[in-house]
Amino acid sequence: NIHVCVVPSIWYESAPLVLCSSIAAKTPVVVSRMGGMTEIVREYENGFSFTAGDSAELAMLLSGIMMDSVILRKAPSASSQIYRTPSDYADDMVEAYREALAEYGMSEQ
């Protein structure tokens, strides 16, 4: 029941769980413009970004979002298009493991 999830990281993140979970829940996100988070967030489609550590920019962005309820209703529309489930990632890891074993002539046992 939240309107927007803010992930104000000041260090590089690849895909924090809170970001992926918010997108899966079709909740718009606001993230620091750092690392892999900017690859997940599509501006004005499923979220927004700001310069890491710039609290004034974050405050202005949040104020703008709160003033325009259309932005919040529109933002989650693209969320499910880019989200991959934890199961998807697990399947990828299993496949990578199997490929590595095959490359070295080893079995899964």
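Calculation criteria
- Residues numbered from 1 in each chain as written.
- Predicted model: local features only at pLDDT ≥ 70, side-chain atom pairs only at ≥ 80, totals over all residues.
- Heavy atoms only, no water.
- Core = buried A, V, L, I, M, F, W, Y, C linked by side-chain atoms within 4.5 Å.
- Buried < 20%, exposed > 50% of the residue type's maximum accessible area, 1.4 Å probe, protein only.
- Helix = DSSP H or I, 4+ residues; strand = E, 2+ residues; numbered from the N terminus.
- Contact = heavy atoms within 4.5 Å.
- Phe/Tyr/Trp six-rings, centres within 6.5 Å; stacked < 30°, edge-to-face > 60°.

Description of the nonpolar core
And then number 1: Ranked by size, the top nonpolar core spans 10 residues in total: Cys5, Val7, Leu19, Cys20, Ile23, Val29, Val31, Met37, Ile40 and Val41.
And then number 2: Of all the secondary-structure elements, those providing two or more residues to this core are strand 1 (5-7), helix 1 (17-24), strand 2 (29-32) and helix 2 (37-40).
And then number 3: Tallying contributions element by element places helix 1 first for this core, with three residues.
And then number 4: Each residue touching Cys5, except ones within four places of it in the same chain, is listed here: Val18, Ser22, Thr27, Pro28, Val29 and Val30.
And then number 5: Listed in part, the eight residues of the second largest apolar core include Phe48, Phe50, Ile65 and Ile71.

Brief notes about the packing of aromatic side chains
And then number 1: Scanning the entire structure with this criterion turns up one aromatic pair.
And then number 2: Taking 5.1 Å as the distance between ring centres and 85° as the angle between the ring planes, the aromatic pair formed by Tyr44 and Phe48 counts as edge-to-face.

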